[in-house]
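Examining the three-dimensional arrangement
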Amino acid sequence: MEFYAVEQRSMKAEPMTLLTPALSIGNVGQLAVDLLIASLQTHKVGYLDDPCILPCIGNDPYHAVDKGELAVALEVYEEQDDDLRIVQQRAPVIKGSMLKFSRSFSNWANSNNTGEVVILSGVDSGKRPMRDIGSSPIRYISTANPDGTDPRCEALGWKKLEDYLPSSDAWRKLDAQSLQEEDEALKDTDLQMSDEMYYPSLPFASLFSCCKARGLKAVCILLFCSEGDNIQDAFFLGDALQIFRSLNTIGSRPQTWNVPYSWRSVYGPPPDPTMY
Amino acid sequence: MAGIQDPLTELPPPSRLDFEELGNFTLDASSAPPPAFISWDANVEFETPLRPRLLFIASSPSGLHLISHLPEKRLLGSVVLPAEDQSDEGSSKGSLSDDGNIKGRSVYDARNPRKQSVHTCNVYALDGEHASVIMVAVQTPIAEERANTWARAVLEAIAADRVMVVTMLQREHYRGKLSADDEVIFRLETDALRLEKLGKEEATMGHDDDVPYFPSGSIVSGFPAAVLTRCQLLGLKGRLLLSWPESRSSAPSLLVTILNRFPDIQCLDFSSSLQVPFKGKSVSDLEIYM
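Residues numbered from 1 in each chain as written. Chains lettered and ligands numbered in written order. Predicted model: local features only at pLDDT ≥ 70, side-chain atom pairs only at ≥ 80, totals over all residues. Heavy atoms only, no water.

Quick word on the overall build of chain A
When helices and strands are counted, chain A shows 7 helices and 11 strands. Taken across its 276 residues, chain A has 59% of its residues classed as buried. The long-range fraction of contacts in chain A, counting pairs at least 24 apart against all pairs at least 6 apart in sequence, stands at 75%. A total of about 11400 Å² of accessible surface is found on chain A, and carbon and sulfur atoms cover 51% of it. (Helix = DSSP H or I, 4+ residues; strand = E, 2+ residues; numbered from the N terminus. Buried < 20%, exposed > 50% of the residue type's maximum accessible area, 1.4 Å probe, protein only. Contact = heavy atoms within 4.5 Å. Areas by Shrake-Rupley, 256 points an atom, 1.4 Å probe, with all protein chains shown as cover.)

Here it is as structure tokens:
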């Protein structure tokens, strides 16, 4: 994974919190990251080039004034007056490349003054235990403790993802692969898809495991959601992130959101009125 | 009323994500695909990388029409994209989308299942010995997964001052309304090209302000995206034109009119190509609302 700086800009040298979405149901992590980029005082510092990412471009997704600023698949932003660095991913990875991408990403993060990685993702609400309906839809896992718990998240009333069992076969296999630099070992492994495999097979899990394997502090903030209109889920996840970040600062972080301009058409054009 | 679908309810577009493909334990069983390369004709005497003034890449029907009927072009070679996995045709099938990209693995051409899976695009020079303009005709689809290697090979072998890509708008990625009756051409540009215009006098800027930028919220994928991304990363002056619907015989003429609005492209003379009749691609209304 290679970084290309925007002209006359460079990444900050001090330790940064690196925020990234994981591809997920409802694209919730990506929507939340778009919301944060549009709402915080951020500026683009560069691009990431990785052979695992499918190519994707578009016009500026954030501003109504059409200057035609090009957006590409993997971009890096920084908050101007704070220690937040944001990666936005707009395209999927090539089939079978998720682990390879996660290794590249965590290697890049590890080489670029990253203090902590925060991964935003949705998880399928269909997998949520029935007994939990009515409680907060936020879950987390963290490198703070071996069992995945984190006192910061517990203080916010969040629950650790119940299915995060580091000693289970699936999570151990993922951790083993995250330590490797190639996929060869898994070619000999006969993994049968089962319920136990569900969470470890998701993109957030490989990003988390690869960061953990490289000694990076990491926390995943997960939101139970369904496929559909996920804009409200993005606000919810964005709020959760800001609350989490406010633990490290005096006073709460501003919660005023600017909706990205591109969200006007995120679900396609309005229906043709002539059919009514 | 239960079970009766509401025809007025518009479902959101399906997720772009296929979780079978994204799964951490889904491995690409084949070895790393061979990279793309350019095979130069034996008569080519230029030094490589070539350094033309303009690299013009076309995959839209009108763009290909303009290139194919240029009388003075000279074939220099081909961009070759080797097959990903020649031993396993069964796993290399993809589905062809209307924008000319193959969704799925490999360069397998679903329209010609028995054909060898090597993808080639011809590379031409204009201006005779000077080769100040290089043209690449992308006549058959390039698999999305191979688009990055294709773009890298082309831009490493042809280091142009400016890059122009003309392609058809990909309607599955377009979030606005499309009409089969209204012809439209959008543009996307790299920062290097956009910012260059800011430093120029008004008289030399051309009339490109009336070529609208591609609407925010819609995206482009495949090799056009790969080329423009590479241009953006490398600080090159690149421009992408997206045309729709290319169903009229006037489509090449419209494209030439638009091209002439950019001062850096006005050197190209397509008058010969415009004299050849063009058969547009039909677009049914049903397809528009899919």
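Details of the nonpolar core
Inside soluble globular proteins, nonpolar side chains tend to come together where they are buried. Judged by nonpolar contacts, the single largest core of 52 residues is most densely connected at Leu55(B), Ile57(B), Val136(B), Trp150(B) and Val227(B). Each residue touching Leu55(B), except ones within four places of it in the same chain, is listed here: Ile134(B), Val136(B), Val154(B), Leu155(B), Ile158(B), Ala160(B), Arg162(B), Val163(B) and Met164(B). Ranked by size, the runner-up nonpolar core spans 46 residues in total, among them Ala91(A), Leu99(A), Phe105(A) and Leu216(A). (Core = buried A, V, L, I, M, F, W, Y, C linked by side-chain atoms within 4.5 Å.)

Considering the environment of Ala38(A)
Residue and element names in this part refer to chain A. Position of Ala 38 among the secondary structure elements: in helix H1 (residues 28-39). With 60 residues separating them in the primary sequence, Ala 38 and Met 98 have C-alpha atoms 27 Å apart. Sequence-distant contacts of Ala 38, defined by excluding residues within four places in its chain, comprise Tyr 62, Asn 258 and Pro 260.

Things to note about the packing of helix H3 (residues 144-157) of chain B against helix H5 (residues 222-234) of chain B
All names here are of chain B. For the pair H3 and H5, interaxial distance at closest approach is 8 Å and the crossing angle is 45 degrees. Judged by the inter-axis angle, H3 sits oblique to H5. Handedness of the crossing formed by H3 with H5: right-handed. On the side of H3, the interface is formed by Glu 144, Ala 147, Asn 148, Trp 150, Ala 151, Arg 152 and Leu 155, while H5 contributes Gly 222, Phe 223, Ala 226, Val 227, Arg 230 and Cys 231. (Axes fitted to C-alpha atoms, helices over the stretch in contact; angles between N-to-C directions. Parallel < 35°, antiparallel > 145°, perpendicular 65-115°, else oblique. Left-handed = near helix turned anticlockwise from the far one by under 90°.)

Brief notes about the sheet that holds strand S7 (residues 133-137) of chain B
Residue and element names in this part refer to chain B. The 8 strands are arranged S1-S3-S6-S7-S2-S9-S12-S10 in an open sheet whose pairing can be described as mixed. On the outer flanks of this sheet lie strand S1 (37-40) and strand S10 (184-189), each paired with one strand and no other. Each strand axis lies, on average, 20 degrees off the axis of its neighbour in the sheet, ignoring direction. Pairing of strand S2 (residues 54-58) with strand S9 (residues 162-168) involves 5 bridges; the strand directions are parallel. Within the sheet, the bridge partner assigned to Ile 57 lies in S9 and is Val 165. (Pairing = 2+ DSSP bridges.)

Regarding helix H6 (residues 203-213) of chain A
Residue and element names in this part refer to chain A. In terms of burial, H6 is largely enclosed, as 9 of its 11 residues are buried. Those residues of H6 that fall on the buried side of the exposure criterion are Pro 203, Phe 204, Ala 205, Ser 206, Leu 207, Phe 208, Ser 209, Cys 210 and Cys 211. Within two residues after H6, Gly 215 carries a phi angle of roughly 75 degrees, on the positive side.

So, the packing of aromatic side chains
In the structure shown here, the tally under the stated rule is 14 aromatic pairs over all chains. Consider the rings of Phe56(B) and Phe270(B), whose centres lie 6.0 Å apart with planes at 45 degrees: the pair is tilted. With Phe56(B) in strand S2 and Phe270(B) in the loop between helix H6 (251-259) and helix H7 (271-274), this residue pair connects regions lying 214 residues apart in the sequence. For the pair Phe56(B) and Phe270(B), a shared accessibility class is recorded, and that class is buried. Geometrically, the ring pair formed by Phe186(B) and Phe214(B) is edge-to-face, given 5.7 Å between the ring centres and 65 degrees between the ring planes. With Phe186(B) in strand S10 and Phe214(B) in the loop between helix H4 (191-198) and strand S11 (219-221), this pair connects stretches of sequence that are 28 residues apart. Across the pair, exposure class does not vary: Phe186(B) and Phe214(B) are buried alike. Members of the aromatic cluster, connected to one another through ring pairs, are Phe3(A), Phe101(A), Phe105(A) and Trp108(A). (Phe/Tyr/Trp six-rings, centres within 6.5 Å; stacked < 30°, edge-to-face > 60°.)

Regarding the pattern of salt bridges
All names here are of chain A. Under the definition given, this model contains 21 salt bridges over all chains. Between Glu 162 and Arg 139 there is a salt bridge; the shortest N-O distance is 3.3 Å. On the criterion of sequence distance, the pair formed by Glu 162 in the loop between strand S10 (159-160) and helix H4 (169-179) and Arg 139 in strand S9 (residues 138-142) is long-range, its members being 23 residues apart. Judged by its relative accessible area of 1%, Arg 139 falls in the buried class. One network of salt bridges, in which partners are shared, links Asp 34, Lys 44, Glu 69, Glu 75 and Arg 90. (Salt bridge = Lys/Arg side-chain N within 4 Å of Asp/Glu carboxyl O.)

Here we look at the pairing of S9(B)
All names here are of chain B. Taken across its 7 residues, S9 has 7 buried, putting it largely inside the fold. Residue alternation in S9 divides its side chains into two sets, Arg 162, Met 164, Val 166 and Met 168 and Val 163, Val 165 and Thr 167, and both sets are buried. Across 7 bridges, S9 lies against strand S12 (residues 237-244) in parallel orientation. Bridging from a neighbouring strand, Arg 162 pairs with Lys 237 of S12.

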